[in-house]
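Results of the structural survey
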Amino acid sequence: MNFRFLILDLEIEAVVCITDSAACANSLITGLLNTKSVPVPTYYWNRFPDWKDKNFDVDFIKLTDDTGPEISNLDRNLITGEFLSKRKKAISRRNVLMTVERYLEIPLLNSVDYFDNSINFYIKSELDGSSPEQSKYSAGIIEYADMLSIAPDQAFNELKFLFETQSRLKIKNLAVYKKYSERINQSKDQSELDQFLKDFYKDCFLNARF
Amino acid sequence: MQDSKKIPYQLNVESLLSRDTADLKHWSEIYKILVPNKNLIDRTGTLKMPYNIKLYSPFSMPKIDIGFKKNFKEICLDRAREILKKQEEIKKPIYLFYSGGIDSTLVLVSLLMVEDITVLREKVFIVMTQESIAEYFLMYHKVIRPNFKILSADRITELFDSSGIILTGSQGDKIFGTDRISEIYRIGMFDQAFDPLNDFIIKYWVSKGIEERSAEVWFELIKNQSSDFGISLETNFDLLWWFNFNFEWQSEYFLFSLRSNNKLTEEYHKNFIFAFFDSADFQQWSMVNRSQRIKKTWNSYKFPAKDIIFEYTGDTDYRDYKIKIVSAGRLFQNKTIPLGIDTDFNLITDIDKTFLYQHDNSFVQ
């Protein structure tokens, strides 16, 4: 099931903004006091006209979630300067977080060569069950080698390479995301956000170029 | 001595870019087409840049030998033999940084041409990413997978530990010209690049946002400097090549070792890091054989390299259609690196602009 994520102001049950990324939603709420992320299945937008017609970044929407998410108009008296300021801050941060996420996703997507993400767990298990120094390989490694008509040591070698590449890349990406999302969610204003984004580009891309 | 008061071999110049004075402005403008990690050093020692970044003596520009006769293949094979000899001497494996691009594929092929594959597989680890497989699947499928041990290039920082010789395809782009020609092709200026030297480069630089006066200053300085050194730039492409070959050589070399994050001694650099195309012969070949870099199409760039690869693989598609792309990009992403390396090979974390500034630099008009 696919979800969209609404950032909810818990004090007044108002939708602050929306994002399609769970990581972004969970990150945003760490920098916005009294908020939580409410995942809503995307079919709500397909099935219910009142959901489809709303702009969750702009409209003033009350969200309750007692027996499933329900939306209604937010009472005018709850639309305070404090709420507007929280929304502005959330949207600015979300936009930068999404930029960061998009760039970090690129190498992950470019390294996908199989459709089941859980494969790394099984690869690790087969690697751990092998002992290349003694030329002993797990049944899974031998099966992989047979299917590809390569020697078991080459199969071990290739799977180890795939596992290491994926795990290093993911851990490096996680570290970069943590570093920048934490800064973004503590930002004071737009100029700080712009600077973080500039630092991010430098750390991640400019320094990589020869 | 304070870290900031050391003279660098390599420096990220971002904080030095300025419009405060005319000389700094002209010099800084070129960084509209370059990343700040790329510090420009005149290997002929003629031009004095506004900031004192020292030429590492092994990279001094050799004088052109017009009688130089070795062909490209001979040079590749000699270089491969030289590196394997080094490997024999120090009895450590070679970590070949392989992207599947033309330069690193040629390095692998050169090694394969001088050593039997059953022997070579015991000496060489292929350090690569998943993108390396995609960039040249046939080489992976037929040569690397069945024969070589592969290592994830994401472990790059761990490999600068003297456990093996790091071998890269660095400087390949410099001996052949410049991959900037791809962009020139896309903006429709490809044919003009091969015209006799004219104001093409000024127009190209201006199209990239460089102020016209600064573009003219750079053009004049390079034209005079190359001529003083005895290099005749006959075509616009010659100038693009010379810029890359002369000014960008040193920073490409040091940017690789900056990824180690630890101090690497000069001794380490001499014994454990080899840029395959960094040799006197390759440089002579580059200066003498100007017609051997590209034909009249963009995908013919580096054709002598692709011909040798073809000789080994028989792969006409790669020979005829493979284009030069920036291959190592992903490998170095998401990594904070120090500002530079000083002449004692210490990592630089702080810069003193005033200390490095040279009042009598060549950009003072």
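Model, not experiment: these values are computed from the prediction.

Below, the discussion takes up the overall build of chain B. Scanning chain B for helices and strands turns up 18 helices and eight strands. For 365 residues, the compact-globule estimate of 2.2 N^0.38 gives 21 Å, and chain B sits close to it at 20 Å. The principal-axis extent of the C-alpha atoms belonging to chain B is close to 60 × 50 × 40 Å. A burial count over chain B gives 48% of its 365 residues as buried. The contacts in chain B between residues at least 6 apart in sequence include a share of 80% that link residues at least 24 apart.

Moving on, we come to the environment of I202 of chain B. Residue and element names in this part refer to chain B. Note on placement: I202 falls in helix α9 (residues 200-207). When the 18 C-beta atoms within 10 Å are taken as the criterion, I202 is described as partly exposed. Sequence spacing of I202 and N244 is 42 residues, and the spatial spacing of their C-alpha atoms is 16 Å. Excluding anything up to four places from it in sequence, I202 contacts E212, A215, E216 and F219.

For the rest of this paragraph, the subject is the sheet that holds strand β2 (residues 94-97) of chain B. Strand pairing in a sheet relies on backbone hydrogen bonds. The paired strands run either parallel or antiparallel. All names here are of chain B. Across the sheet, which stays open at both edges, the five strands sit in the order β4-β3-β2-β5-β6 with parallel pairing between neighbours. Edge positions in the open sheet fall to β4 (149-152) and β6 (273-275), since each of these has one partner strand only. Recorded for the sheet is a direction-independent mean angle of 25 degrees between the axes of neighbouring strands.

In this complex, chain A contributes 24 residues to the contact, which on the side of chain B involves 23 residues. For the side of chain A that touches chain B, the secondary-structure elements that each account for two or more residues are α4 (81-110), α7 (152-184) and α8 (190-204) of chain A. When residues in the side of chain A that touches chain B are grouped by element, the largest group, eleven residues, is from α7 of chain A. Of the residues that constitute the side of chain A that touches chain B, the class distribution is ten nonpolar, seven polar and seven charged.

Examined against the element boundaries, P107 of chain A turns out to sit in helix α4. Spatially, the C-alpha atoms of P107 of chain A and E143 of chain A are 29 Å apart, while their sequence positions differ by 36 residues.

In this section: the sheet that holds strand β8 (residues 347-348) of chain B. All names here are of chain B. Ordered in space as β1-β7-β8, the three strands form an open sheet in which the pairing is antiparallel. Strand pairing shows two members of the sheet lacking a second neighbour, β1 (8-11) and β8, which therefore form its edges. One ladder, built from three bridges, connects β1 with strand β7 (residues 340-342); its direction is antiparallel. Opposite P8, over in β7, you have D342 as the bridge partner. Sitting on the sheet, helix α12 (residues 249-257) touches β1 and β7, and the angle it makes with β1 is about 80 degrees.

On to the confidence of the model for chain B, then. When pLDDT is averaged along chain B, the result is 92; 95% of the residues meet or exceed 70. Across the interfaces of the predicted complex, the ipTM metric reaches 0.82, alongside a pTM of 0.90.

To describe two helices that pack against each other, one gives the angle between their axes and the distance between the axes. All names here are of chain A. The geometry of α7 relative to α8 is characterised by a closest axis approach of 10 Å and an angle of 165 degrees between their N-to-C directions. On the basis of their axis angle, the class for α7 and α8 is roughly antiparallel. Our pair here, α7 against α8, has a crossing hand that is right-handed. Between α7, through V176, Y180, R183 and I184, and α8, the contact on the second element is made entirely by L193, F196, F200 and C204. Class assignment of the residues belonging to the contact of α7 with α8 gives a composition of seven nonpolar, no polar and one charged.

Rules and cut-offs
- Residue numbers restart at each chain and count upward from 1, following the sequence in its written direction.
- As they are written, the chains are lettered A onward and the ligands numbered 1 onward, keeping that order.
- The predicted nature of this model means local features are confined to residues of pLDDT at least 70 and side-chain atom pairs, given and counted, to a pLDDT of 80 or more, with totals for whole chains, interfaces and linings taken over all residues.
- Secondary structure follows DSSP: runs of H or I at least 4 residues long count as helices, runs of E at least 2 residues long count as strands, and numbering of each begins at the N terminus.
- Our radius of gyration looks at C-alpha atoms and nothing else; its globule reference is 2.2 Å times the residue count to the power 0.38.
- Note on burial: count the other C-beta atoms lying within 10 Å of the residue's C-beta; 20 or more is buried, 12 or fewer is exposed, in between is partly exposed, and C-beta positions come from the backbone.
- Whether two residues are in contact depends on their C-beta atoms, placed from the backbone: they are in contact if these lie within 7 Å.
- Pairing between two strands is assigned when DSSP locates at least 2 bridges connecting them.
- Note on definitions: angles span 0 to 180 degrees between N-to-C directions of axes, and those axes are lines fitted to C-alpha atoms, for helices only across the stretch in contact.
- Only Asp, Glu, Lys and Arg are considered charged, only Ala, Val, Leu, Ile, Met, Phe, Trp, Tyr, Cys and Pro nonpolar, and every remaining residue, Gly among them, polar.
- The predictor rates its confidence in each residue with pLDDT, a number between 0 and 100.
- Relative orientations are named as follows: roughly parallel for angles under 35 degrees, roughly antiparallel for angles over 145 degrees, roughly perpendicular for angles from 65 to 115 degrees, and oblique for any other angle.
- In a left-handed crossing the near helix is turned counterclockwise from the far helix by less than a right angle, and in a right-handed crossing that turn is clockwise.

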